[in-house]
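So the chains spell out like this:
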Amino acid sequence: MPKSVFATANADHVIFAAEYEASCICKLQHDIAREATKRFAENDFENAWKALSDDRRQEIVLEGIYRTMCIPDMEERRKYCPDSSLENLTSRGGEEYLRMLKCLLPSNLDALPTVPLEIPHTFVDRIFTPTEEELQYPGCKTFFRSMKNSRTYALSTVIWNILLTFYGIEETQQPIRPDRGRFIHTEGLSKSATREIVREHNEQRKLIPNACSFCGLSEDRLPAGRKLQACSKCRQLNRRMFYCSKECQTKDWKLGSPRPHKLICGKPLTEDNMPKATPAGAAKTASGIPDPDPGFTRSPALLHQISLLSDNPRIDYVIVRPYPEPDQGICLADAMGSLMFKVVRNRALKSGDRQAVNAIYKMLIPSMDKTRLPRSMLCKQLELEFGHRVEEDPDAAGPSVDHSEAPFTKEELEQAMEDLDI
Ligand SMILES: [Zn+2]
Ligand SMILES: [Zn+2]
């Protein structure tokens, strides 16, 4: 590949554009994960999808592809997605689509990721992996990242639209601004054509109002008399960083996403200060629910449970019911019971531990009986969440669970106490 192709990709605004595109894809994937996990949990999407006739499944996939292709710029991006064909998406009695959809589910739903999840493809991945020699050129990483973004965006959108079609949901989707993240191939273009592209780019850029780089407040929505302040060091680089207040500037400096501003202020962007995926298990999430153990993949229904628990930290467990039935949040009556329950629950959420799942069942039975929900409903839900069938035990009376076989660790207890503010 000629060196000049990469050279344009190393420009400040191209790196920013690639980042912007990645953040749009992250938002889309977050929407997909939220909706999909809810459908898996409430409507048992997995079995409903597999139960379709081949003809019906083809119809839905075709409609999903069609809706996607109606979005401007999508045809170009779909070139990188040989696996978005009708044939592939309907293969293995629907299993292939489910597999691809599950690739887009993160291990935790409470934080917006900064790096998109990718769907592996042996052939495409080989093309998208730069050689040692190519890696020497500045701009190379951005160039490949941008191609991957195109693929991930198109593929995620197809998968999203198939899910929406299945549930009869309409969505009008805003395309990622087509002026962003596109490379200007200077080679083979006449000078006047290049000028024309740059002019068009600048015109489109003018349409986007300046906004605070931290909170996103745009110039036209500021209180009268106030103006956005540009970061003076970055202005010298012709980089558009603005702040609505001193407070936002300070926050962005230390806490900015996808990276703290202090890392790039006044310095040219390089591929090394691009955001990186946070390694799994690095941090516990805002809700205090631990990340899963490396060998444990959470089911979509379990991810949905976790997102419900994160949204409602006072609730111990949520009995999920299909719309329009309301979900039923369960709080164990006493603080000690709740503490014990949280330890067991978090252990199950972390590793899928069978004993812990059985214990969840036993500890929740009194609450199920009190709310007059059948115990079988809880059995079914736990099976969907953990893939483990608990014995429906008519005699199980209360929260007396034998912990002697797997005593609590100090760490587990500390975590639970922290959550309870003891
Ligand atoms: Zn602000
Ligand atoms: Zn700056």
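Residues numbered from 1 in each chain as written. Chains lettered and ligands numbered in written order. Predicted model: local features only at pLDDT ≥ 70, side-chain atom pairs only at ≥ 80, totals over all residues.

The name recorded for the protein chain in an unreviewed UniProt entry is MYND-type domain-containing protein, from Phanerochaete carnosa.

K.L.:
Is there a simple way to explain the overall build of the protein chain in this structure?
P.N.:
Each helix and strand in the protein chain was counted, giving 18 helices and four strands. The 422 residues of the protein chain split such that 33% are buried. Here the contacts in the protein chain between residues at least 6 apart in sequence split such that 71% fall between residues at least 24 apart. (Helix = DSSP H or I, 4+ residues; strand = E, 2+ residues; numbered from the N terminus. Buried ≥ 20, exposed ≤ 12 C-beta atoms within 10 Å, placed from the backbone. Contact = placed C-beta atoms within 7 Å.)

K.L.:
Where do I start with the environment of His 304 in this structure?
P.N.:
Assignment of secondary structure puts His 304 in helix α14 (residues 300-311). Judged by the 27 C-beta atoms lying within 10 Å of it, His 304 is buried. Residues His 304 and Leu 109 lie 195 residues apart in sequence; the distance between their C-alpha atoms is 8.1 Å. Setting aside residues up to four positions removed in sequence, His 304 forms contacts with Thr 37, Lys 38, Phe 40, Ala 41 and Val 320.

K.L.:
Which parts of the structure should I look at to understand the packing of helix α2 (residues 12-43) against helix α10 (residues 140-166)?
P.N.:
How two helices sit against one another is set out by the angle between their axes and by the gap between those axes. Interaxial distance between α2 and α10 falls to 10 Å at its minimum, and their mutual angle equals 25°. Classified by the angle their axes make, α2 and α10 are roughly parallel. Where α2 crosses over α10, the handedness of that crossing is left-handed. Between α2 and α10, the residues in contact are Val 14, Ile 15, Ala 18, Glu 21, Ala 22, Ile 25, Leu 28, Gln 29, Ile 32, Glu 35 and Ala 36 and Thr 142, Arg 145, Ser 146, Asn 149, Thr 152, Tyr 153, Ser 156, Thr 157, Ile 159, Trp 160 and Leu 163, respectively. (Axes fitted to C-alpha atoms, helices over the stretch in contact; angles between N-to-C directions. Parallel < 35°, antiparallel > 145°, perpendicular 65-115°, else oblique. Left-handed = near helix turned anticlockwise from the far one by under 90°.)

K.L.:
Please clarify how the nonpolar core should be interpreted in this entry.
P.N.:
For soluble globular proteins, the rule of thumb is that nonpolar side chains tend to be buried together. With 69 residues, the main nonpolar core has Ile 159, Ile 162, Val 344, Val 357, Ile 360 and Tyr 361 as its most contacted residues. Broken down by element, the residue count for this core peaks at 13 residues, all from α2. Taken together, domain 1 (3-207) and domain 3 (300-420) each give at least three residues to this core, which thus spans both. With residues near it in sequence (within four places) discarded, Ile 162 still touches Ile 60, Val 61, Gly 64 and Tyr 97. Core analysis: the next-biggest nonpolar cluster, separate from the first, contains nine residues, Phe 214, Met 241, Tyr 243 and Cys 248 among them. (Core = buried A, V, L, I, M, F, W, Y, C linked by C-beta atoms within 7 Å. Domains from an automatic or database assignment.)

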